[in-house]
Structures are given as structure tokens and as C-alpha cells.
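Notes for the structure review
Next come the chains, spelled out residue by residue.
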Amino acid sequence: MVRRLLMKRHSSRSLMSNKKSHLARQCSTIEVDFSYYQQIIPVMIYCSAGTKTVTTWLFLGTAQVGRLAQWVAQSCPPGVAVIPGAPHWFANEDGSDIPEFIVRYTATMVDELTRRYGQPASIIAESQAAGGVAVYLQKVRDSVGQLILLQPLGLTTHEYTRSFAPYSELQHRVNHNFLHQIPSLFTDFRLLFNHAFLIRTIKPGTGKARAQYEAGLVCSILPSVKELFLDGTSIHIVSGEYDSLFPPDKIGSNLDAAGMRNIPIYIVPKTPHSPLSTRAGRRLLERAFMIANKELPFRKDH
């Protein structure tokens, strides 16, 4: 039986909302130049308000850059460095170098943060960032206290590789996921901003977007996650109950089949795949921080 933990809503103490002043204070920033062959790509890392030393690295998914990344940082407790999503639109148009691009981007961010703050207690990798972080950690064998994969790409690869057109499968799943987001479009400006920014930046439907997305969708991170798991890395997964892109039940089944049944999956009720800057995304992120702070003992459902 696939195990999961359904999270209850917490209306009293919130790790991310108990101090509203965090939202009003300015995040500090770290400027990093990502060198990729002949390109120098400027990246802005955001550190949450009140940060004196960084204990948690939060890697965001695709197109979660600029204001979107800053909003996430403003929602975080002190001690968090928010790394924007890898700007994969600078990779080859045919997507042939997407895995290399993502891992090299991850390595650059890790090197900069390690130089400044040392190793983190926890790494949270969201959506498309999960692959880069897992593969990088597997290659360098860096030790990390906890690895939290948040609505991760790469653990349900078969859902896309079995399709003749993986990108079309993704579009179908995005549309289904969007149905759960429609009510929030009228109340959550950040969700609307995210979709508009994604269309403007990624240009979904173009040949470049199709090729780059398909290159990422067919890359499984199960082998990397398994190596980390066998090495003793503490791994946790957080997913939304209504996540149509990377369904938590499929993630659980694949982990079970790969001999990783002991990796806990925390499922946030009535939540679709969501940008972390939005209200639904903050519910997912809050659960991740509760895990990082060891406030969520895992239980198996029977």
C-alpha cells in the first residue's frame, strides 16, 4: 500500500506567517554570475528577512525568478536562501543540454552558498529543481542533513515517456491542474502574475519550449534519489493532493517499486501543483519548513 501523510490545516501558529513583519522587510540579496560556455548569466539569490546565517537552501522550479523568487523569500522564516529557478531558456533550443545546464547551474549556486555559509542543515528542491539537486548531490557526495523534494519532477517519468508526445501529455496535465486553480485566480494576484510571466518568458507551444521541456520530462531522478537514500540521506517528499503534473500516488508507487518505501510522502489536502509564491504554494512550503524543523513525525496510513 502506498504510504502517505495527509496534512491538516494549521490555523494557529504558522512558521511563515507568525511574524507578518517579515513581509514588510526587505530581503537581502546575493548576486551570482552563472558561467555557461560563452554566456554569463546574472542570478539573484534572495535571503529571507532577519537572516544572519543560512541554514536552508530553497531551489525553485522553472521560471520562478525575479519578483516571484523575491515573494517566496518574503514568505520564508529567517535563515533561508531562495535560489531562483534555472533559466533554462539560455540552454540549447533543441534541449540537448538541459540536464547538463541544470546540474551546472545547481553546482554554481551550491558553490557560492557554501563559500559564504558552509553546508546547510536542509535543502528544499521544488519541481524542476529536484533533478538538478539530486543529481548534483549524488555526484559530489556532499552531506546534507535533510533533502526535501517539493512537488518534484523526475519521480513519475513513466507518465510522460509512455506518451508519444511528452510535451502534449504535460499540457494535458497542466490544463487539468489548472481546473483546481481557477477559483484562486480571482483572489490570488500572484497566481495570475505567475501564469502571465510564464507565458511571456517560456513561450509555451514554441518548438524551443517543447524541446526543452521534453528533455526534462524524460529524465528520471529515481537512481540518484536511491543512491542518496542508501547513503543515509534523510529524504522527504511534499506534494499537493490535487497535483496533476506529478501525482503523489504515482510518486509513492514508483518509490515502492524502487525499494524506497521508507521515504515519507506528506500530502497537503486540496492543493494542486502550485507556484510557491501563491497561497496554495505557501501551504506546500509551510509543510516543508515544518519537516525541516522536525515538527512532523511520519506516520503510515493503513
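Along each chain, residue indices are assigned from 1 in the same order as the chain's sequence is written. Residue-level local features of this predicted model are given only where pLDDT is at least 70; pairs of side-chain atoms are given and counted only at 80 or more, and the full residue set underlies all totals for whole chains, interfaces and linings. As a convention, hydrogens and water are excluded, and side-chain values are obtained from all of the structure's heavy atoms.

1. With respect to the overall build of the chain
Elements are defined by DSSP. Helices are runs of H or I of four residues or more, strands are runs of E of two residues or more, and each kind is numbered from the N terminus. The helix and strand inventory of the chain stands at 12 helices and 9 strands. Relative accessibility thresholds used throughout: buried, under 20% of the residue-type maximum; exposed, over 50%; partly exposed, between the two (1.4 Å probe, protein chains only). Taking all 302 residues of the chain together, 55% fall into the buried category. Here the contacts in the chain between residues at least 6 apart in sequence split such that 77% fall between residues at least 24 apart. Contacts are assigned to residue pairs that have any heavy atoms within 4.5 Å of one another.

2. Side note on the environment of Y213
Of note, Y213 is situated in helix α9 (residues 207-217). On a C-alpha basis, the gap between Y213 and L170 in space is 8.8 Å, while along the polypeptide they are 43 residues apart. The residues touching Y213, leaving out its near neighbours within four places in the chain, are T62, H88, Q128, Y167, L170, L198 and I202.

3. Notes on α9
All buried positions along α9 are accounted for by A209, Q212, Y213, A215, G216 and L217. Contact partners of the buried residues in α9: α3 (98-117), α5 (158-161), α6 (166-179) and α8 (189-202).

4. Section: the environment of L217
Mapped onto the elements of the fold, L217 is located in helix α9. When the C-alpha atoms of L217 and L170 are compared, they prove to be 8.5 Å apart, with 47 residues separating the residues in sequence. Setting aside anything within four residues of it in sequence, one finds L217 in contact with L153, T157, Y160, P166, Y167 and L170.

5. A word on the pairing of strand β2 (residues 28-36)
Pairing between strands is defined by DSSP: at least two bridges between them are needed. Bridging between β2 and strand β3 (residues 39-47) involves 9 bridges; their strand directions are antiparallel. Each residue of the ladder has a partner; that of V32, found in β3, is V43. Linking β2 to β3, which pair antiparallel, is a turn of 2 residues; within it Y37 sits at a positive phi near 55°.

6. Side note on a nonpolar patch on the surface
Only residues whose relative accessible area exceeds 30% and that take part in no salt bridge are eligible for patches, with like-charged residues grouped when within 9 Å of each other and nonpolar side chains (Val, Leu, Ile, Met, Phe, Trp, Tyr) grouped when within 5 Å. Note on areas: these come from Shrake-Rupley sampling with a 1.4 Å probe, and a residue is covered only by the protein chains present in the view. Salt bridges are identified by distance alone: a Lys or Arg side-chain nitrogen within 4 Å of an Asp or Glu carboxyl oxygen. On the surface, L179, I182 and F186 cluster together into a nonpolar patch covering about 340 Å² of accessible area. As for its placement among the helices and strands, I182 is situated in helix α7 (residues 182-185).

7. Section: the confidence of the model for the chain
One confidence number per residue, pLDDT, is output by the predictor and ranges from 0 to 100. Taken as a whole, the chain shows an average pLDDT of 89; of its residues, 88% reach a score of 70 or greater. Within the model, the stretch residues 7-15 combines pLDDT values under 50 with 18 contacts to residues more than four positions away or in other chains. Note on residues 17-24: pLDDT under 50 across the span, and 6 contacts to partners over four residues away in sequence or across chains.

8. Brief notes about the packing of α6 against α9
Viewed as axis vectors pointing N to C, α6 and α9 meet at an angle of 90°, and their least axial separation amounts to 8 Å. Relative to α9, the element α6 lies roughly perpendicular. Contact residues: α6 offers P166, Y167, S168, L170 and Q171, while α9 offers A209, R210, Y213, E214 and L217. Among the residues forming the contact of α6 with α9, the class breakdown is 6 nonpolar, 2 polar and 2 charged. Only the stretch in contact is used when a helix axis is fitted, and all axes are lines through C-alpha atoms; the angle between N-to-C directions ranges over 0 to 180 degrees. For classification purposes, an angle smaller than 35 degrees is called roughly parallel, one larger than 145 roughly antiparallel, one from 65 to 115 roughly perpendicular, and anything else oblique. Here the nonpolar group is Ala, Val, Leu, Ile, Met, Phe, Trp, Tyr, Cys and Pro; Asp, Glu, Lys and Arg are the charged ones; every other residue, Gly included, is treated as polar.

9. Points about the packing of aromatic side chains
Between the rings of Phe, Tyr and Trp (Trp by its six-membered ring), a pair exists once the centres lie within 6.5 Å; its type follows the angle of the planes, with under 30 degrees stacked, over 60 edge-to-face, and the other angles tilted. Using the criterion set out here, one finds 12 aromatic pairs in the structure. Between F34 and Y105, the aromatic rings sit 5.4 Å apart at their centres with planes inclined by 80°, giving edge-to-face as the arrangement. On the criterion of sequence distance, the pair formed by F34 in strand β2 and Y105 in helix α3 is long-range, its members being 71 residues apart. Exposure class is identical for F34 and Y105. Each is buried. Feature note: the residues F34, Y36, Y37, F101 and Y105 constitute an aromatic cluster, connected by ring pairs. R104 extends its terminal NZ or CZ atom over the ring of Y37, reaching a point 4.7 Å from the ring centre. Sitting above the plane of the Y160 ring, R173 keeps its charged end 5.5 Å from the centroid. To sit over a ring, a charge needs its Lys NZ or Arg CZ within 6 Å of the ring centre and within 35 degrees of the ring normal.

10. Re the pattern of salt bridges
What the rule picks out here adds up to 8 salt bridges. Between R162 and E159 there is a salt bridge; the shortest N-O distance is 3.0 Å. Here E159 falls in the buried class, since its relative accessible area comes to 8%. Of the charged contacts, one joins E159 and R173 as a salt bridge, the two residues approaching to 2.8 Å between their closest N and O atoms. You can see E159 sitting in helix α5 and its partner R173 sitting in helix α6, a full 14 residues away along the chain. Taken individually, E159 and R173 each receive the classification buried, so the pair is uniform in this respect. When salt bridges with common partners are traced through the structure, they connect E159, R162, E169 and R173 into a single cluster.

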